[in-house]
Amino acid sequence: MERQLQIKSKIYMDTVVTLKVSTILPQEHVEEKMNKAYTFFKLIEERCSRFDPDSELKQLSGTCHEWVEVSDLLFQLLHFSLKMADLTDGAFDPAVGSSLAAAGFDTNYLTREAVAWNERARGADYRHIHLNRRTRSVRLTEPMDLDLGAVAKGLAIDLAARELNGFEGFVVEAGGDLFVKGEKAEGLPWEIGIQHPFDPQSLIGMWPFKNQAVCTSGGYERKSPIQNGCHHLIDQRKQTSPREVVSVTVTGSHAMLADAVSTSIFIMGWQKGLELARSTGCEAMIMTRDQHIHTSKGFGGGTK
């Protein structure tokens, strides 16, 4: 029986989330699984949005100097984020929310309303976040606005991919991040194109990916509406957007990891970034402002 390709798109987390499934299984079964996969994006957005005043993350950001018991989902995201922050000496920092808001990234895409944030929180960093695994609690020792954008979408992709794992081939794509499994048809791989940061109509290249996450970070699409030269990738240590790197694509076993590593590399620079990719078991392709491309040996299967 010949495989059929089914595609569905919805908007979550301020981006288009597209599911593509290639399978011989019945359409009704595919539809059911796709709908379940989307529930993870909805759940994580509801709990981890920096823009929703009622989200669990936003409520936690409003507390200081007290232990707050949180959901297992939020605790796991924070625990992973702090590990990445330690590993990158703060290049990755979940306390970056206020710096993002100060740069103009403070509007809820669903309501178009500006979200309140704490001006005093811009000096906080990941070292002011403390976790108690026994009680699944979090304590913030400085005012801050937490932002988990660099890991929450990746986790949603991973959970959606787990839901679709029974199909012969599929892609879960959310903006520049995705997870791909198997083939789109017998003998035909999923080919993923990486957008050129200086020419949105062209690609750096296309690669056949299989059974892995592919996450891209770039500052060319989400630019600050109020600060010239600033975009949504901000180094919390300097509260500015780095300028050396213009695009990073990372492949790895999970989207949450690849997403966090790509964000970190953008901030760390290409040399330290390649070291980070190796230490985390990922592969990376990095374009710098001079349009030089630096890749780890195994990126794209070792060939361009």
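This report concerns the structure included in the present document. Just so it is clear, the structure is predicted and the values come from calculations on it, not from any experiment. (Residues numbered from 1 in each chain as written. Predicted model: local features only at pLDDT ≥ 70, side-chain atom pairs only at ≥ 80, totals over all residues. Heavy atoms only, no water.)

**A short note on the overall build of the protein chain**
The line we're drawing: In this description a helix means any DSSP run of H or I spanning at least four residues, a strand means any run of E spanning at least two, and both kinds are numbered starting from the N terminus. Computation of the radius of gyration draws on C-alpha atoms alone. For the globule rule, the value is 2.2 Å times the number of residues to the power 0.38. By definition, residues are in contact when any of their heavy atoms lie within 4.5 Å.
For the protein chain, the count of helices and strands is seven helices and 14 strands. Taking 2.2 N^0.38 as the reference for a compact globule, 304 residues should give roughly 19 Å; the C-alpha atoms of the protein chain span a radius of gyration of 19 Å, in line with that estimate. The principal-axis extents of the C-alpha atoms in the protein chain amount to approximately 60 × 45 × 40 Å. The contacts in the protein chain between residues at least 6 apart in sequence include a share of 62% that link residues at least 24 apart.

**Concerning the sheet that holds strand E13 (residues 283-288)**
Just so we agree on the cut-off: A strand pair is defined by DSSP finding two or more bridges across the two strands. Each axis is a line fitted through C-alpha atoms, and for a helix only the stretch in contact is used; angles between axes span 0 to 180 degrees, taken between their N-to-C directions.
Sheet architecture is open: eight strands sit in the order E1-E2-E6-E7-E11-E12-E13-E14, paired in antiparallel fashion. Two strands in the sheet have a free side with no partner beyond their single neighbour: strand E1 (4-12) and strand E14 (293-295). Sheet twist, expressed as the mean angle between neighbouring strand axes with direction ignored, is 10 degrees. Both strand E6 (residues 169-174) and strand E7 (residues 177-181) contribute to a ladder of five bridges, which runs antiparallel. If you follow Phe170 over to E7, its bridge partner there is Lys181. Of the strands in this sheet, E1, strand E2 (15-23) and E6 are in contact with helix H1 (residues 27-48), which crosses E1 at around 25 degrees.

**Notes on the side chain of Thr141**
Relative to the assigned elements, Thr141 resides in the loop between strand E5 (137-140) and helix H5 (149-163). With residues near it in sequence (within four places) discarded, Thr141 still touches Cys64, His65, His128 and His130.

**A word on the sheet that holds strand E9 (residues 188-196)**
In space, the three strands of this open sheet follow the order E8-E9-E10, with antiparallel pairing throughout. In this open sheet, the two strands that pair with only one neighbour each are strand E8 (183-185) and strand E10 (199-209). Strand-to-strand twist in this sheet, taken as the mean axis angle between neighbours without regard to direction, amounts to 50 degrees. Where E9 and E10 come together, seven bridges link them in antiparallel fashion. Counterpart to Glu191 in the pairing with E10 is Pro208.

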